[in-house]
Amino acid sequence: MAESKPHEALLLVEQAEKQALDSEPDPLWAGLIAWARGRAFCHLGKHLEATAALELSVSLLSRTSDRQAAARASVSWAREHIDAGRFDDAINLLEVAARSLTGADVARASAQSALALQRAGRTNDAIDDWDRAVDAFESAGLTVEEAKARQNRGLVHAYRGNLLAAEDDLAKAAEIYAGSGEAIRGAEVLHNLGFVAARRGDLPRALALFDQAQNRAGQLGALRPEMLVDRVEVTLDAGLVREGRGLAEAAVGILERAGFDADVPEACLLVARAWEQDGDPVRGVAWARRAEKLFEAQGRPRWRLLAQFAILRADTATEPQAAGVADRLVEIGAQLRLAGWRIQATEAYLRATDLLVGAGRQSEAKVILDRETPNLHQAAPLNRLQGRLTQARLRWATGDAVGADRALVAALRALSAYQATLGSIELRTRGAGRADEVMELGVAMAAARNRASQALWWMESVRAAQQIAVDDPRDDSETMTALTSLREVTLHLGRQSVNPLEMTRLSRRQAALEELIRRRRRHAPGPGRPGRTSARLDELGEDLGDRVLVEYAVVRRRLVAVVLEDGKARLVDVAAVSEVRAAMAALRLALAVTVSTDRDAGRLTALLEARLVAERVIVEPLGLERGHDLVLVPAGPVASLPWSALPELGTVNLVVAESAAAWARAHRESRALSPAATVLVVAGPDLRHGEDEIEAVKAGWNQRVTVLDGVGATADAVTAAMGQVDVVHVAAHGTHRGDNPLLSAVSLHDGPLTGYELAQANKRTALVILSCCETGMVDTAASSGIGLSRVLTSTGIATAIASVSPVADVSSASIMGQLHRRLAHGAPPARALNEARRAVGGLLGCPSSAGFVCFGHG
């Protein structure tokens with residue numbers, strides 16, 4: 001009971017002690033009581049009390065004739081030595097205990113010794129001991145004990161990088177547990193298989209297995225906190241930082257309430273890591289110090305090292321050039337290696353190497369990196385990628401340009417291999433890992449050699465690695481059911497007659513459905529490795545013709561751009577990212593205020609001033625010749641820019657693409673709209689001027705338009721129609737979800753049509769127009785953003801037109817009528833949009849028109 005119900009075990013211990021007081025003192029009785037108390041304290045995370053009780057137990061039992069009881073207590077005491085980092089003491093204690101043990105107890109001691117060797121980083125010796133334990137348990141017919149040993153040996157294999165052996169051990173353990181009715185342990189093995197998948201870099205499979213294990217454990221009424229802790233770690237590895245932080249903070253509360261004191265400081269460390277990754281190292285330090293105090297109070301110096309490393313990481317983030325930081329990282333790396341934290345030690349050394357390179361101490365950095373390179377094969381995929389990046393920086397700093405190029409290409413291959421496993425759009429964009437670092441270093445190295453074409457190659461190659469695959473939820477009935485339920489719940493929430501209690505219930509149901517949908521879609525397998533990473537410069541120049549390509553990137557907190565014009569590339573340092581963000585924010589605010597209010601001279605003046613500032617910062621440095629059509633590949637702060645609001649671009653035919661290669665492919669495969677094109681108009685509810693917009697579109701095509709409105713305007717009807725017509729026009733209210741862009745939606749009769757469902761779009765449709773607020777907005781957590789427009793153009797739709805700002809209902813009819821009139825006469829979408837905007841008076845005549853952008857091919 002000490003292991004399964006430690007609180008109840010302690011109550012029984014107290015009763016046993018009271019009974020012992022009523023009789024003659026017996027060392028055997030007292031020793032067994034101390035043993036039970038120590039094991040209960042151990043499982044409650046009270047390691048100082050556990051150590052004291054188990055030491056007393058061994059002392060008392062050693063005075064009796066029951067040597068086997070003393071030896072078994074010694075095995076338990078050895079576990080405390082292991083957790084405190086006293087591995088040699090633990091191994092010595094177990095060797096002595098094994099002399100007095102027989103049968104299965106010998107195997108149990110061998111298993112404990114294997115654990116000590118495993119934690120000490122002596123994995124080869126640990127495997128030998130686990131082998132002996134597995135053989136002994138198997139020979140004795142102790143199948144459950146054999147499964148436990150296989151489970152632990154499998155995890156050691158995983159840490160060593162022998163993933164096939166790990167999966168084999170875990171599969172056999174799962175088979176044994178299933179045959180013996182050990183359902184809870186079976187759920188644990190399922191979770192361990194998820195851990196192995198994460199080590200392989202297969203995040204979709206890892207998350208799917210975690211979900212299965214969590215569901216099974218929940219059905220069995222079993223609380224397994226390590227499942228939640230491991231899930232947080234993988235979530236952070238996937239780049240889902242804010243979600244991981246929320247899960248980690250929730251885990252701390254759950255563990256505290258459930259009495260799992262031993263796991264609380266580990267969860268605190270994950271919260272610290274999440275805050276550090278989210279750009280707030282100060283809060284990260286606070287959580288890491290809390291973990292450090294808890295580890296110290298629990299008598300766990302080995303784990304306390306991890307907290308000290310977390311504190312140092314946060315210090316590095318706030319003051320990377322502070323004197324002595326690199327040396328402190330080297331020092332703690334050595335301590336981590338000695339304590340058996342091999343992966344963390346490698347991370348510390350890699351961070352130290354980067355800092356030493358930045359400080360000009362290349363020779364010291366090389367010594368460390370040469371020593372750590374053989375350990376990278378045991379690291380997680382993103383840590384291996386970090387190792388390649390560190391190699392590239394060091395070689396570049398030492399003047400080895402060829403070696404730096406090779407290392408960075410290896411980093412790019414590692415990035416591509418990692419991204420190839422990810423099928424979920426969300427994971428591919430948010431979980432880009434070190435993609436931004438690869439691009440930044442590649443562009444910086446190209447800039448230093450004044451090679452603009454090479455900079456463009458790096459931009460394109462990284463974006464190719466991040467290309468999103470078709471993420472169609474129709475193959476998952478559970479997701480489709482959840483999406484239908486989400487529409488129903490959202491529809492009810494929008495009704496004014498809902499009472500507060502029902503509102504609360506529906507809001508909780510909505511949140512649960514959204515989380516279920518997100519989790520299910522993350523299980524989607526990846527598309528495999530991409531083909532050629534980027535178009536050749538000469539081929540790209542031929543595809544562009546008279547057009548000019550402008551491709552942006554962020555390098556060392558500055559926005560840079562490659563301009564490809566007449567087959568020649570030049571690299572431009574545009575502006576500081578902070579200056580760009582300020583100009584963008586002012587322009588977006590001024591445009592939103594102007595669109596949403598009545599005409600006002602003061603507001604118009606503010607808008608005109610804001611657009612002049614934005615143009616000066618973002619466009620003027622490019623030195624573009626007037627009159628050329630543009631293909632823009634934005635990044636970071638300019639991903640959702642209302643480009644036509646800028647004076648120089650207000651009369652230019654421009655298209656925004658996810659990459660130059662993606663635009664070129666679409667250009668070669670696209671077909672022009674014919675006057676006989678089939679057109680579908682979808683009208684959402686509660687549009688005050690919706691009828692006017694429908695009539696304007698119909699007039700543009702001489703009434704040859706199919707209309708879905710009222711009860712006919714449903715999500716299923718729209719997605720089905722996308723495979724049957726050439727043009728789909730959606731006139732509806734739209735919402736952009738910054739927390740999860742794939743839940744951005746347009747409102748239809750039966751509820752929201754989300755990005756998840758728009759991923760079902762069929763290639764048959766050439767153009768989709770979203771006449772809705774902010775449906776062109778993208779999330780810019782990584783170098784490539786995600787939003788409804790990109791979902792469409794990445795899943796077979798050649799071109800999408802959507803707005804990156806609010807749209808006034810009253811103005812939609814005029815610009816959309818002009819747009820469709822030109823489309824019906826054969827104008828390409830980008831030119832049709834530009835001409836339509838000018839026809840309604842441009843920014844001053846129709847402010848809403850400035851927000852519409854042509855995405856994809858154009």
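Structure's up top.
Quick caveat, the model's predicted, so the values are computed rather than measured.

Procedures and definitions
Residues numbered from 1 in each chain as written. Predicted model: local features only at pLDDT ≥ 70, side-chain atom pairs only at ≥ 80, totals over all residues. Heavy atoms only, no water. Helix = DSSP H or I, 4+ residues; strand = E, 2+ residues; numbered from the N terminus. Rg over C-alpha atoms; globule rule 2.2 N^0.38 Å. Buried < 20%, exposed > 50% of the residue type's maximum accessible area, 1.4 Å probe, protein only. Contact = heavy atoms within 4.5 Å. Areas by Shrake-Rupley, 256 points an atom, 1.4 Å probe, with all protein chains shown as cover. Lys, Arg positive; Asp, Glu negative; His and termini not counted. Charge placed at Lys NZ, Arg CZ, Asp CG, Glu CD. Expected span 1.5 Å × (residues − 1). Core = buried A, V, L, I, M, F, W, Y, C linked by side-chain atoms within 4.5 Å. Axes fitted to C-alpha atoms, helices over the stretch in contact; angles between N-to-C directions. Parallel < 35°, antiparallel > 145°, perpendicular 65-115°, else oblique. Left-handed = near helix turned anticlockwise from the far one by under 90°. Salt bridge = Lys/Arg side-chain N within 4 Å of Asp/Glu carboxyl O. Disulfide = S-S within 2.5 Å. Phe/Tyr/Trp six-rings, centres within 6.5 Å; stacked < 30°, edge-to-face > 60°.

*Asks:* Help me out: how do you make sense of the overall build of the protein in this one?
*Replies:* When helices and strands are tallied, the protein shows 37 helices and 14 strands. Taking 29 Å as the expected radius of gyration for a compact globule of 858 residues, we find that the protein reaches 31 Å, a close match to that expectation. Reported as C-alpha extents along the three principal axes, the dimensions of the protein are approximately 105 × 65 × 50 Å. Counting all 858 residues of the protein, 57% fall into the buried class. In the protein, the proportion of contacts linking residues at least 24 apart, taken out of those at least 6 apart, comes to 70%. Accessible surface computed for the protein: about 34,900 Å², of which carbon and sulfur atoms make up 50%. Of the side-chain charges in the protein, 100 are positive and 107 negative, and the distance between the mean point of each set is 2 Å.

*Asks:* Mind showing me how you'd approach helix H3 (residues 47-62) here?
*Replies:* Working note: α-helix, 3.6 residues per turn, so residues spaced by three or four point in the same direction. Relative to the 22 Å expected for 16 residues at 1.5 Å per residue, H3 spans 22 Å between its end C-alpha atoms, a close match to the ideal helical length. Every buried residue belonging to H3 is among His47, Ala50, Thr51, Ala53, Leu54, Ser57, Val58, Leu60 and Leu61, and all of these are buried. Packing partners of the buried residues in H3 comprise helix H2 (27-43) and helix H4 (67-83).

*Asks:* I'm lost on the nonpolar core in this one. Help?
*Replies:* As a rule of thumb, nonpolar side chains are buried together in soluble globular proteins. Judged by nonpolar contacts, the single largest core of 82 residues is most densely connected at Val550, Tyr552, Ile618, Leu622, Leu630 and Trp643. Looking at this core, the element that brings in the most residues is helix H28 (residues 577-596), giving seven residues. Listed in part, the 78 residues of the second largest apolar core include Val234, Met459, Ile801 and Ala824.

*Asks:* How do you make sense of the packing of helix H8 (residues 143-160) against helix H9 (residues 163-180) when you look at a structure like this?
*Replies:* Geometry of a packed helix pair, given as the angle between the helix axes and the separation of the axes. Contact pair H8 / H9: the axes reach a minimum separation of 8 Å and the direction vectors enclose 160°. As judged from the angle between their axes, H8 and H9 are roughly antiparallel. Helix-helix and strand crossings are classified by hand; for H8 and H9 the assignment is left-handed. Between H8 and H9, the residues in contact are Thr143, Val144, Glu146, Ala147, Lys148, Arg150, Gln151, Arg153, Gly154, His157 and Ala158 and Leu163, Ala165, Ala166, Asp169, Leu170, Lys172, Ala173, Ile176, Tyr177 and Ser180, respectively.

*Asks:* What am I meant to see in the pattern of salt bridges here?
*Replies:* Charged atoms that come close allow side chains of opposite charge to pair. Applying the stated criterion across every chain, the model contains 40 salt bridges. The closest approach of N and O atoms between Asp280 and Arg283, which form a salt bridge, is 3.3 Å. With a relative accessible area of 21%, Asp280 lands in the partly exposed category. Taking relative accessible area as the criterion, Arg283 reaches 44% and is therefore assigned partly exposed. One salt bridge connects Glu551 with Arg463, and the closest N-O pair in it is separated by 2.7 Å. On the criterion of sequence distance, the pair formed by Glu551 in strand E1 (residues 548-555) and Arg463 in helix H24 (residues 452-465) is long-range, its members being 88 residues apart. Both residues of the pair, Glu551 and Arg463, belong to the buried class.

*Asks:* I'm lost on the state of the cysteines in this one. Help?
*Replies:* Here, the word disulfide means a covalent bond between the sulfur atoms of two cysteines. For the coordinates displayed, the defined rule picks out zero disulfides. The thiol of Cys773 is not disulfide-bonded; the next cysteine sulfur, from Cys772, is found 7.8 Å away. Overall, Cys773 belongs to the partly exposed group, its relative accessible area being 21%. Lacking any disulfide linkage, Cys854 is separated from the closest cysteine sulfur, that of Cys772, by 16 Å. The exposure class of Cys854 is buried, given its relative accessible area of 1%.

*Asks:* I would appreciate a short explanation of the environment of Ala766 in the present structure.
*Replies:* Within the secondary structure, Ala766 sits in the loop between helix H33 (755-758) and strand E12 (767-771). Sequence separation between Ala766 and Met722 is 44 residues, and the spatial gap between their C-alpha atoms is 9.3 Å. When neighbours within four sequence positions are excluded, Ala766 is seen to be in contact with Arg671, Leu673, Asp726, Ile797, Ala798 and Thr799.

*Asks:* Can you walk me through the packing of aromatic side chains in this structure?
*Replies:* Both the distance between ring centres and the angle between the ring planes are used here to describe each pair of aromatic rings. Inspection of every chain in the model, using the stated rule, returns four aromatic pairs. Aromatic side chains Trp303 and Trp341 sit 4.8 Å apart centroid to centroid with 75° between the ring planes, which places their arrangement in the edge-to-face category. One end of the pair, Trp303, is in helix H16 (residues 301-318); the other, Trp341, is in the loop between helix H17 (325-338) and helix H18 (342-358), and 38 residues separate them in sequence. Judged on exposure class, the residue Trp303 and its partner Trp341 are both buried.

*Asks:* Quick question: what am I supposed to make of the environment of Arg351 here?
*Replies:* Counting through the fold element by element, Arg351 comes out in helix H18. Between the C-alpha atoms of Arg351 and Ser578, which are 227 residues apart in sequence, the distance is 26 Å. Ignoring sequence-local partners within four residues, the contact set of Arg351 consists of Glu276, Phe309, Arg313 and Leu329.

*Asks:* Whenever I open this one, unusual backbone geometry confuses me. Can you help?
*Replies:* Keep in mind that most residues, glycine aside, have a negative phi and that most peptide bonds are trans. Its identity is not glycine, yet Arg556 carries a phi of approximately 50°, on the positive side. Looking at where Arg556 falls in the secondary structure, it is placed in the loop between E1 and strand E2 (558-565). Under the relative-accessibility criterion, Arg556 is labelled exposed at 57%. Unlike most non-glycine residues, Asn702 shows phi in positive territory, near 55°. Here Asn702 lies in the loop between helix H31 (690-700) and strand E7 (705-708). For Asn702, a relative accessible area of 62% gives the class exposed.

*Asks:* Would you mind showing me how to read helix H23 (residues 435-448) here?
*Replies:* The terminal C-alpha atoms of H23 lie 20 Å apart, and with 14 residues this matches the ideal 20 Å at 1.5 Å per residue to within 8%. Residues Ala435, Val438, Met439, Leu441, Gly442, Val443, Ala444, Met445 and Ala446 constitute the buried set of H23. Once H23 finishes, Asn450 follows within two positions and takes phi at roughly 55°, a positive value.

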